[in-house]
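Notes for the structure review
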Protein chains: 2
Amino acid sequence: MESTLIKISIVEDNIYMREGWESVLDTESDFCVIGSYGSCELAFEDSSISRSDIVLMDIELPGMSGIEGVSYIQENHPGVNVIMASVFDDNQHVFDAICAGAIGYLLKKTGPEELCNAIRSAMEGGSPMTPEIARKVIRLMQPKQTGADKVKLSDRELEILKELSTGKSYQAIGSSIFLSEDGVRYHIRNIYKKLHVNSRSQAVAKGFKQKLI
Amino acid sequence: MESTLIKISIVEDNIYMREGWESVLDTESDFCVIGSYGSCELAFEDSSISRSDIVLMDIELPGMSGIEGVSYIQENHPGVNVIMASVFDDNQHVFDAICAGAIGYLLKKTGPEELCNAIRSAMEGGSPMTPEIARKVIRLMQPKQTGADKVKLSDRELEILKELSTGKSYQAIGSSIFLSEDGVRYHIRNIYKKLHVNSRSQAVAKGFKQKLI
DNA sequence: ATAAAGTCGACATAGTTATGCAGTGTTTGC
DNA sequence: GCAAACACTGCATAACTATGTCGACTTTAT
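Residues numbered from 1 in each chain as written. Chains lettered and ligands numbered in written order. Predicted model: local features only at pLDDT ≥ 70, side-chain atom pairs only at ≥ 80, totals over all residues.

**Focus on helix α6 (residues 112–123) of chain A**
Look at α6 of chain A: 17 Å from first C-alpha to last across twelve residues, which is about the 16 Å you get at 1.5 Å a residue. When α6 of chain A is considered as a whole, its buried residues turn out to be Leu 115, Ala 118, Ile 119, Ser 121 and Ala 122 of chain A. Buried positions in α6 of chain A, seen along its axis, are confined to an arc of 160° and lie on one side of it. Close packing links the buried residues of α6 of chain A with β1 (6–11), α1 (15–26), β3 (54–58), β4 (81–86) and β5 (104–107) of chain A together with α7 (131–141) of chain B. At the exit of α6 of chain A stands Gly 125 of chain A, carrying a positive phi of roughly 95°. (Helix = DSSP H or I, 4+ residues; strand = E, 2+ residues; numbered from the N terminus. Expected span 1.5 Å × (residues − 1). Buried ≥ 20, exposed ≤ 12 C-beta atoms within 10 Å, placed from the backbone. Arc of directions from axis to C-beta. Contact = placed C-beta atoms within 7 Å.)

Structure, rendered in structure tokens:
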């Protein structure tokens, strides 16, 4: 009935918090705390981070912040899943952490049972988050356009807009989609009209903003 | 002790499923099912959608799909929160739904208790999702760059890259950031070198892809 | 102190783009 | 059958871009 242990490292400067987590996690039969540090600097001198399945990391740390810590781990040990934690429901930092590579976010007030569930969820491919963070993340995914100024480009135009973003000349685009240089010109004119722009870079920018590209 | 009821509408073509949800939700003292329909077409003829706090909507529907339904609701009743549901863990559709404006996603196998919790979470500003979806969403937020080919532009270069995306000429950029035309040229050269491109549109495209803009 | 790196200003020019105008077919709707 | 919309081709040109090269000044590191 014994399955592989989930190896966990902790980076947290508050010793009571840290020892609290340690004791909670160590009493679970499927968890094993293999490292516990008061700062990123101390943690990265050691090898336990690289051997961890999960790193539980505070955001507010003396010296290297948790955000920088996540970046470091992502670059050097891409397979390690970092779950951030903060006493504060500080959205900016949370988003920075996610962008830096964290796969989840917990509040420190999270109870022992939820903490354990979050870690198991993270191991199973989930991303433990507070509901508020989840909503903000969803909102970020949604296009901002109101629908009124929604632009519809034809397939041909979309095709050419994508070519534009690669920096090709009229001639080069023509060759790659089997159309004359002037044919490409014709479509680009129309793209400009539809997007209300008058340069390639503007068109590409709008294309990205409106998720056409 | 009586607080405001959460008004819920259901759009689901399978009548057993629909009635199952209805009975589950109606037994909760804080919920009130104000509408229940077998298709979007039927639902949108009625006014209950517009009065709903939450709409529980199937993705796979005859006629107008749930995805289209969400778009419609978003455009016409932006304050209504739509939670999508699907029997299938079909990521593409889920993402389409989220992009169309859904604020959460549930599997139909979700139990009664979880369903109720999801609705309450949605009302409190959360975004109920399966763990797998949550992880994918997080991944979407994270820059795709591997870290090896990560590019660092200076503040000045970033400033100019943003100007580039607006389609300004060298001269116009120079005026707006108080720099000579040739100064702008100098920076754009360097941006091109760092991004390994040789045109404005390519630079803008890379800027968006690497989330520099 | 000397070198190296970063930030500009100036000048030149081949090459590319944006845009206007004028045709030629094809498809679509009425 | 005729107008209108669409998808091109052709041509022309002012304007703008990409790129090389030279020099000056400032900051940073050694």
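The rest of the description comes next.
**Section: unusual backbone geometry**
Excluding glycine, most residues fall at negative phi; most peptide bonds, likewise, are trans. Residues and elements named next belong to chain A. Positive phi, close to 60°, is recorded for His 196, a residue that is not glycine. Along the chain, the position of His 196 falls in the loop between α10 (181–195) and α11 (200–209). Judged by the 11 C-beta atoms lying within 10 Å of it, His 196 is exposed.

**Let's talk about the domain arrangement of chain A**
Domain boundaries in chain A define domain 1 (6–141) and domain 2 (155–209). When each unit is reduced to the centre of its C-alpha atoms, the spacing between domain 1 of chain A and domain 2 of chain A is 45 Å. (Domains from an automatic or database assignment.)

**Let's talk about the pairing of strand β2 (residues 31–37) of chain A**
Residue and element names in this part refer to chain A. Two strands pair when backbone bridges link them, and β1 and β2 are joined in this way by six bridges, in the parallel orientation. In the sheet register, Ile 8 faces β2, and the bridge partner there is Val 33. Once you follow β1 into α1 and on to β2, the crossover reads as right-handed. (Pairing = 2+ DSSP bridges. Right-handed = clockwise from strand over helix to strand, strands pointing away.)

**Looking at the packing of helix α8 (residues 155–164) of chain B against helix α9 (residues 170–177) of chain B**
All names here are of chain B. Direction vectors running N to C along α8 and α9 enclose 130°, while the axes themselves pass 10 Å from each other. In this view, α8 runs oblique relative to α9, as classed from their interaxial angle. Relative to α9, α8 is oriented so that their crossing is right-handed. For the pair α8 and α9, contact is made by Glu 159, Ile 160 and Glu 163 and by Ile 173, Ser 176 and Ile 177, respectively. Broken down by class, the residue content of the contact of α8 with α9 amounts to three nonpolar, one polar and two charged. (Axes fitted to C-alpha atoms, helices over the stretch in contact; angles between N-to-C directions. Parallel < 35°, antiparallel > 145°, perpendicular 65-115°, else oblique. Left-handed = near helix turned anticlockwise from the far one by under 90°. Nonpolar A, V, L, I, M, F, W, Y, C, P; charged D, E, K, R; others polar.)

**Some words on the environment of Pro 128 of chain A**
All names here are of chain A. Along the chain, Pro 128 turns up in the loop between α6 and α7 (131–141). Sequence separation of Pro 128 and Gly 104 is 24 residues, and the distance between their C-alpha atoms is 4.8 Å. In contact with Pro 128, not counting residues within four places along its chain, are Ile 83, Gly 104, Leu 106, Ala 118, Ser 121 and Ala 122.

**Looking at the relation of the copies chain B and chain A**
Least-squares fitting of chain B to chain A yields an RMSD of 0.5 Å, with the transformation described by 0.2 Å of translation along the axis and a rotation of 179°. Taken together, the turn and the small shift mark the pair as related by a two-fold rotation axis. Rotation axis and chain B: the residue whose C-alpha lies nearest the axis is Ser 201 of chain B, separated from it by 2.2 Å. A high fraction, 100%, of the interface residues of chain B reappear at the interface in chain A, so the copies pair face to face through one surface. (Least-squares fit on C-alpha atoms with pLDDT ≥ 70 in both.)

**Some words on the interface of chain B and chain A**
Accessible area lost on assembly of the parts is the figure often given for the size of an interface. Taken together, the 35 residues of chain B in the interface contact 36 residues of chain A. Elements with a contribution of two residues or more to the side of chain B that touches chain A: α5 (91–100), α7 and α11 (200–209) of chain B. The element that contributes the greatest number of residues to the side of chain B that touches chain A is α7 of chain B, accounting for eight residues. Taken together, the residues of the side of chain B that touches chain A sort by class into 16 nonpolar, 14 polar and five charged.

**Thoughts on the sheet that holds strand β4 (residues 81–86) of chain B**
Residues and elements named next belong to chain B. The five strands lie next to each other as β2-β1-β3-β4-β5, forming an open sheet whose pairing is parallel. Strands with a single pairing partner mark the edges of an open sheet, and in this sheet they are β2 (31–37) and β5 (104–107). Between one strand and the next, the sheet's axes are offset by a mean angle of 25°, whatever the strand orientation. On the sheet, helix α4 (residues 66–76) packs against β1 (6–11), β3 (54–58) and β4 and is oriented at approximately 155° with respect to β3. Where helix α6 (residues 112–123) meets the sheet, it contacts β1, β3, β4 and β5, and its direction lies at approximately 180° from that of β5.

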